Amino acid sequence: MVTTTLCAGALAVPFLLSQAQDADAQMTSYVTSGVAQDAAEALRADYESGTLNSGVEGLTTTHATAPDASGVVQPGHAGSYAVQHKVTLGDPAYESNGAPRSESATDLLEAGQFNVGDVQRYEFSVLLKDWKPYEPGDSESGDIIFQGKYAGGNVPAFYLMTKRNEVAFRSPHLNKQTTVVPDLRPFINKWMNFRVDARWTTDETGYFKVSAQLPGQSGYKPVVSYENVRTYQPVNPADHGYIKWGLYRPSESIENGDVPTRIVQHDDIRIFDLS
């Protein structure tokens, strides 16, 4: 079953190419630093309402006009429903704010925003629906599936993306990227769980800590940590940040030989206050 609607969309961001750095040192730091266990849940989108806003007033989705650009589908990750986003390259009906994307966002929700001084945790489950794997010679552009975004048309603070046959975590301002899932092919059409812990600072006391729980694993496993870094550094004025999930294909096109249609499902998006 699919239910569709149209809502306010997300702002375009440039896609920056990647460079993996210091993974071993980051992992050691992450494991030894520990992660706060007591967390108050600020926001949950589990789609059990069967609606695109998950019953959360103010949760926005896409400006894309295609009827199937976003929808609620069955089954979900741990319940009855999940949200699905679809993008077909070269078709303006799958564009939002002038870019090929379909996403949901927390920009208008106070509980879904982050500010300087906040310490938050973001969790989500994702399923790559009938995902066409990368093959040698294919375009190497990436598909963004989750991001922490500054308001005001800024480059994201961080995002998770599929690139070739990997899932990677990137912070554009830090110019750091690290592989989170080395090979996603065994997990196509299966639910993968991710967690990002962030301390939002304008000095060098911030961090991003990423964990993953793949099918068959009993719990989250730490995979990368960027610590003692400035995490809040928008180029344009921004009085807050927010999170987005769905599918954003910023550097892809039919002319480049990219996969024409991608579909992704998300469920159990949660924001926790770790402050």
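Residues numbered from 1 in each chain as written. Predicted model: local features only at pLDDT ≥ 70, side-chain atom pairs only at ≥ 80, totals over all residues. Heavy atoms only, no water.

Q: Describe the packing of aromatic side chains, listing the residues and the values that go with them.
A: Under the definition given, this model contains 14 aromatic pairs. The interplanar angle of 45° and the centroid separation of 5.8 Å between the aromatic rings of Phe169 and Tyr226 together place this pair among those described as tilted. Within this pair, whereas Phe169 is found in strand S10 (residues 166-171), its partner Tyr226 is found in strand S14 (residues 221-229), the two being separated by 57 residues in sequence. Residue classification places Tyr226 among the buried residues on the basis of a relative accessible area of 1%. Considering the side-chain rings of Trp200 and Phe208, the 5.4 Å spacing of their centres and the 75° angle between planes classify their relative orientation as edge-to-face. Owing to a relative accessible area of 0%, Trp200 belongs among the buried residues under this scheme. Above the ring of Tyr220, the side-chain terminus of Arg195 is found at 4.1 Å from the ring centroid. (Phe/Tyr/Trp six-rings, centres within 6.5 Å; stacked < 30°, edge-to-face > 60°. Helix = DSSP H or I, 4+ residues; strand = E, 2+ residues; numbered from the N terminus. Buried < 20%, exposed > 50% of the residue type's maximum accessible area, 1.4 Å probe, protein only. Lys NZ or Arg CZ within 6 Å of the ring centre and 35° of its normal.)

Q: Pulling in residues and values, what's your account of the confidence of the model for the protein?
A: Here the protein averages 88 in pLDDT, while 86% of its residues score no lower than 70. In the predicted structure, residues 1-36 sits below a pLDDT of 50 and forms 112 contacts with residues beyond four places in sequence or in another chain. (pLDDT = per-residue confidence, 0-100. Contact = heavy atoms within 4.5 Å.)

Q: Mind laying out the environment of Arg270, listing which residues take part and the relevant values?
A: Note that Arg270 resides in strand S16 (residues 261-273). Of the residues examined, Arg270 reaches a relative accessible area of 23% and is grouped as partly exposed. When the C-alpha atoms of Arg270 and Glu41 are compared, they prove to be 7.1 Å apart, with 229 residues separating the residues in sequence. Filtering out sequence-adjacent residues up to four positions away, Arg270 remains in contact with Glu41, Leu43, Arg44, Arg121, Tyr122 and Glu123. A distance of 2.7 Å separates a polar atom in the side chain of Arg270 from a polar atom in the side chain of Glu41. (Polar contact = N/O pair within 3.5 Å; in protein donor to acceptor, adjacent residues only side chain to side chain.)

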